[in-house]
Amino acid sequence: MFNKLIQWSKFQHHHLPWRKERTLYTTLVSEIMLQQTTVGTVLNHYQRFLKKYPSIAELALESEDNLTVAWKGLGYYRRARNLKKACEQIVEHHSGKIPLDYSKLIKINGIGEYTANALLAIGADKKTLAIDANLERVLSRIYGLTSLKGKKLQDEIKDKFQKGIICSEIENYSARDFNEALMDLGREFCKANRVYCELCPMGDNCKAKLSGEPLSLPIKEKEKKIEKYFELKLLRVITLNEGKLLSYKKKKNEWLSGQYEVPTFIISSEDQELTQYPASTLNLEHDLLPMLKTGITKYRIANYLLFVSQKELENLGFKLKAYEWIELNEQSNFSTTTFKALDFFGIKK
Ligand code: SF4
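These figures come from a predicted structure and were not determined experimentally. (Residues numbered from 1 in each chain as written. Predicted model: local features only at pLDDT ≥ 70, side-chain atom pairs only at ≥ 80, totals over all residues.)

1. What to know about the overall build of the protein
So, step 1. Helices and strands together make up the secondary structure of the protein, namely 15 helices and 8 strands.
So, step 2. Counting only C-alpha atoms and orienting by the principal axes, one finds that the protein spans roughly 75 × 50 × 35 Å.
So, step 3. Across the 349 residues of the protein, 33% fall into the buried class. (Helix = DSSP H or I, 4+ residues; strand = E, 2+ residues; numbered from the N terminus. Buried ≥ 20, exposed ≤ 12 C-beta atoms within 10 Å, placed from the backbone.)

What follows is the structure, given as structure tokens:
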């Protein structure tokens, strides 16, 4: 039943760098990167990251600030901190070697249930399932599982797998190939809101397809109200002086800690509790400035860009003391929005 799927997956995806050269460490890195991030984005960063941190020990020794910079572009920075935590503990408690024991893996800070199973199944080829939202979805559709999406469905999958009711065919294949094929299926044919059943290698064996309503599974709790997004207007001040940019390093507990950002002020915020930046006191017609849209967590941000000379800035009563002049050729430490703002004005290092 899984033959076609596994053949297709191996043929289509054998070139992915984390599948070509695999160790437990590269599996740890790639699995954490791939959580909440597309394959395309990970492809842009994976090899560079591994070149910089070729081993668990090297990653464990890195400062959190530098790691944040190296993670730039992948988003969800908490994952980078978890990865570092996990590496530190592997060095400290397991002599730098990832243990191949679920009960030991799950005790490592930064390694959750999914990552532990992914290390066992994908990294070590052990007969287990790494159940993430993708696997949860495709297995509920293939086998017609009707538990509520989330913990209940995951428990049903685990229980039926342990009893050999579902996925017993894993015994005939490499567990690695089996898990990766299901993940690929979820990414390409069997998506959350769209299915391509006519093209799908599981089409002949899928209960959801046979029901004629493949999208009815997995069963979801009644849609919760959409989380509220806050509109946020920020003023970003871009000032250059002899090849240096006025900027400051984000502190611990601030958004993008460790990265450099240009002076930034809140023009207006729907979230009155937001304390990430000071309020703008500059007397400006903000709406006349060029604007870039970005977003972070629950904030939709309109970034108004003010490009001024140091002299003009001083005339506006701006206090320069709180900032640093950073060489433009140290651009790798700047935040993505700072890059975009520089790019907007055609400023290159
Ligand atoms: S046949 Fe359709 S519903 Fe079933 S696994 Fe394939 S894409 Fe998903």
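2. Let's talk about the sheet that holds strand 7 (residues 299-307)
So, step 1. Strand order across the open sheet formed by 4 strands is 5-1-7-6, with mixed pairing between neighbours. The strands lining the two open edges of the sheet, one partner per strand, are strand 5 (264-269) and strand 6 (291-296). Neighbour to neighbour, the strand axes of the sheet diverge by 30° on average, direction disregarded.
So, step 2. With 9 bridges joining them, strand 1 (residues 230-238) and strand 7 adopt parallel strand pairing. The residue of strand 7 that forms the bridge with phenylalanine 230 is tyrosine 299.
So, step 3. Contacts from helix 15 (residues 336-344) reach strand 1, strand 6 and strand 7 within the one sheet, and its direction differs from that of strand 6 by about 165°. (Pairing = 2+ DSSP bridges. Axes fitted to C-alpha atoms, helices over the stretch in contact; angles between N-to-C directions. Contact = placed C-beta atoms within 7 Å.)

3. Notes on the site of the ligand
So, step 1. If you check the shell around the ligand, you find 15 residues, and the closest are Cys190, Cys197, Cys200, Cys206 and Pro214.
So, step 2. Secondary structure elements with two or more residues in the shell around the ligand: helix 10 (133-143) and helix 13 (207-211).
So, step 3. By residue number, the principal contributor to the shell around the ligand is helix 10, which donates 3 residues.
So, step 4. Grouping the amino acids of the shell around the ligand by side-chain chemistry returns 12 nonpolar, 1 polar and 2 charged. (Near = placed C-beta within 6 Å. Nonpolar A, V, L, I, M, F, W, Y, C, P; charged D, E, K, R; others polar.)

4. Re the domain arrangement of the protein
So, step 1. Assigned domains within the protein: domain 1 (3-216) and domain 2 (230-344).
So, step 2. In this structure, domain 1 and domain 2 have C-alpha centres spaced 37 Å apart.
So, step 3. For the side of domain 1 that touches domain 2, the residue count by class is 1 nonpolar, 1 polar and 3 charged. (Domains from an automatic or database assignment.)

5. Things to note about the nonpolar core
If you look at soluble globular proteins, the nonpolar side chains tend to sit buried side by side.
So, step 1. Among the nonpolar cores identified, the biggest contains 60 residues, and Leu135 and Leu185 are the most heavily contacted of them.
So, step 2. Each residue touching leucine 135, except ones within four places of it in the same chain, is listed here: Leu129, Ala130, Leu182, Met183 and Gly186.
So, step 3. Ranked by size, the runner-up nonpolar core spans 12 residues in total, among them Leu232, Val237, Leu246 and Leu342. (Core = buried A, V, L, I, M, F, W, Y, C linked by C-beta atoms within 7 Å.)

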